Amino acid sequence: MHVGLILPMGDEQEPGVPRGYAGIRDLAVRAEAQGLDSIWVYDHLVGDSTDDSAGSPWEAWTVLTALAEATSTVRLGALVLCTAFRPPGVLARMADTLQEVSGGRLVLGLGAGWHEPEFQAFDLPFDHRVGRFDEALQIITTMLRTGRATIAGEYHRVQDAPVRDRPDRPVPPVLVAGVRPRMLGLAAQYADLWNLAWFGLPGDRFRQANAALDQACRDVGRDPATLARTAGVQVAAPTAANAEEKPERLIRGDVDEVAAAFAAWEAEGVSELICSPDPADPDTVTLIADACARYRENAGRTTDTSPRVR
């Protein structure tokens, strides 16, 4: 099982959490040096409200592109890019370019968006979000997997829109996040990976969603085993000052306890854990990395569970 790290994107206000791109970059480089498999950003245009401009996250694609140059081995992902923020054909071109820049390390995480204040602030349509997402997925996956697309939908259209033609073009795996029936259906139809977040230890909420995804795959004639499962988990040191104590919402513990939690997720069939550090500081990143090493030591293997690209 792979283990990755989601990075603070600028709206975290805890003491000791790095501020600005320099701090984000430092955590990313640290995660790579300490043996984690991937680094992830999240995509929001505003924080809790438009009033708090100081807590507004940095723009995700710009940061992800910069991190492609700052690192060399970790995979680069977004959990997840909101397809409403960028025209889908243009986003496919951006993803294809970042695959080139990063040497084929991109995992293209996509979602419909949910935070209405940012849609209002930037005059983005908030209606029919899943329908718009469906059309965006059609365009993006067709362009990336076949090289070009002509699609005329109700919300989005492209006419013979290409990505760059080059030999052995590396197609980024597409991750779709969601849990409602229509989103599970779209994941089953289009995605290479599926994500659900945020958790502590695995429990019924994940198992029920996972089983529903299996059925969604069968409904579209797909073998459920061909859709890799990923989970977002929150990890905190035993001394972290956090009010959330429920084990189903937060993994709190020392290296051995966190490693045991990782093993529990592997037993659920998860191919990658994406860890949100609490707080998002160097010490918690080191805890996650050390727990990952201990989990692998205990397992006695380092099986390659890289997602298969269709």
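Residues numbered from 1 in each chain as written. Predicted model: local features only at pLDDT ≥ 70, side-chain atom pairs only at ≥ 80, totals over all residues. Heavy atoms only, no water.

**Some details on the overall build of the protein chain**
Now for step 1: Scanning the protein chain from N- to C-terminus turns up 9 helices and 12 strands.
Now for step 2: By the compact-globule yardstick of 19 Å for 310 residues, the protein chain fits well, its C-alpha radius of gyration being 19 Å.
Now for step 3: For the C-alpha atoms alone, the extent of the protein chain along its principal axes is close to 55 × 45 × 35 Å.
Now for step 4: Counting every position in the protein chain, which comprises 310 residues, the buried fraction comes to 53%.
Now for step 5: Sequence separation of 24 or more characterises 72% of the internal contacts of the protein chain that already satisfy a separation of 6 or more.
Now for step 6: Surface accessibility of the protein chain: about 13,800 Å² in total, with carbon and sulfur atoms responsible for 50%.
Now for step 7: Across the protein chain, the 30 positively charged side chains and the 44 negatively charged ones have centroids separated by 6 Å. (Helix = DSSP H or I, 4+ residues; strand = E, 2+ residues; numbered from the N terminus. Rg over C-alpha atoms; globule rule 2.2 N^0.38 Å. Buried < 20%, exposed > 50% of the residue type's maximum accessible area, 1.4 Å probe, protein only. Contact = heavy atoms within 4.5 Å. Areas by Shrake-Rupley, 256 points an atom, 1.4 Å probe, with all protein chains shown as cover. Lys, Arg positive; Asp, Glu negative; His and termini not counted. Charge placed at Lys NZ, Arg CZ, Asp CG, Glu CD.)

**Quick look at the packing of helix H6 (residues 181-190) against helix H7 (residues 204-219)**
Now for step 1: For the pair H6 and H7, the least separation of the axes is 9 Å and the interaxial angle reads 55°. Accordingly, the angle class assigned to the pair H6 and H7 is oblique. Classified by chirality, the crossing of H7 by H6 is right-handed. Side by side, H6 and H7 meet where Leu184, Gly185, Ala187 and Ala188 of the first sit next to Ala209, Ala212, Leu213, Ala216 and Cys217 of the second.
Now for step 2: Across the contact of H6 with H7, the residue classes break down as 8 nonpolar, 1 polar and no charged. (Axes fitted to C-alpha atoms, helices over the stretch in contact; angles between N-to-C directions. Parallel < 35°, antiparallel > 145°, perpendicular 65-115°, else oblique. Left-handed = near helix turned anticlockwise from the far one by under 90°. Nonpolar A, V, L, I, M, F, W, Y, C, P; charged D, E, K, R; others polar.)

**Thoughts on the nonpolar core**
Now for step 1: Residues Leu108, Leu110, Trp194, Val235, Phe262 and Trp265 are the most contacted members of the largest nonpolar core, which totals 90 residues.
Now for step 2: Contact partners of Trp194, with chain neighbours within four places excluded, come to Val176, Gly178, Leu184, Ala187, Phe206, Ala209, Asn210, Leu213, Leu227, Ala228, Arg229 and Thr230. (Core = buried A, V, L, I, M, F, W, Y, C linked by side-chain atoms within 4.5 Å.)

**Some remarks on the confidence of the model for the protein chain**
Now for step 1: Per-residue pLDDT for the protein chain has a mean of 92; in total, 93% of the residues score no lower than 70.
Now for step 2: Contacts of residues 302-310 to residues separated by more than four positions or lying in other chains number 21 contacts, the stretch itself having pLDDT below 50. (pLDDT = per-residue confidence, 0-100.)

**Brief notes about the pairing of strand S7 (residues 157-162)**
Now for step 1: In this structure, strand S6 (residues 148-152) lies alongside S7, joined through 4 bridges in antiparallel fashion. From the neighbouring strand, Arg148 faces S7, where its bridge partner is Pro162.
Now for step 2: From the end of S6 to the start of S7, which pair antiparallel, there are 4 residues. (Pairing = 2+ DSSP bridges.)

**Observations regarding the pattern of salt bridges**
Now for step 1: This model, assessed by the stated rule, comprises 15 salt bridges.
Now for step 2: Here Glu100 ties to Arg166 by a salt bridge, and the two come within 3.6 Å at their closest N and O atoms. Separated by 66 residues along the polypeptide, Glu100 in helix H3 (residues 88-102) and Arg166 in the loop between S7 and strand S8 (174-177) bring together distant segments of the chain.
Now for step 3: Since its relative accessible area comes to 17%, Arg166 is described here as buried.
Now for step 4: The shortest N-O distance in the salt bridge between Arg207 and Glu268 comes to 2.8 Å. Of this pair, Arg207 sits in helix H7 while Glu268 sits in the loop between helix H8 (255-267) and strand S12 (272-278), and the two are 61 residues apart along the sequence.
Now for step 5: A relative accessible area of 22% places Glu268 in the partly exposed class. (Salt bridge = Lys/Arg side-chain N within 4 Å of Asp/Glu carboxyl O.)

**Observations concerning the packing of H3 against helix H5 (residues 129-146)**
Now for step 1: Following both chains from N to C, one finds H3 and H5 inclined at 35°, their axes separated by 8 Å at the closest point. Once H3 is placed against H5, the crossing between them reads as right-handed. Between H3, through Pro88, Gly89, Leu91, Ala92, Arg93, Ala95 and Asp96, and H5, the contact on the second element is made entirely by Ala136, Ile139, Ile140, Met143 and Leu144.
Now for step 2: Residues belonging to the contact of H3 with H5 are distributed by class as follows: 9 nonpolar, 1 polar and 2 charged.

**Details of unusual backbone geometry**
Now for step 1: In this structure, Trp198 follows Ala197 across a cis peptide bond, with omega equal to -5°.
Now for step 2: Here Trp198 lies in strand S9 (residues 193-199).
Now for step 3: Cis rather than trans, the peptide bond between Asp278 and Pro279 has omega equal to 0°.
Now for step 4: Within the secondary structure layout, Pro279 lies in the loop between S12 and helix H9 (282-299).
Now for step 5: Phi is positive for His128, which is not a glycine, with a value near 50°.

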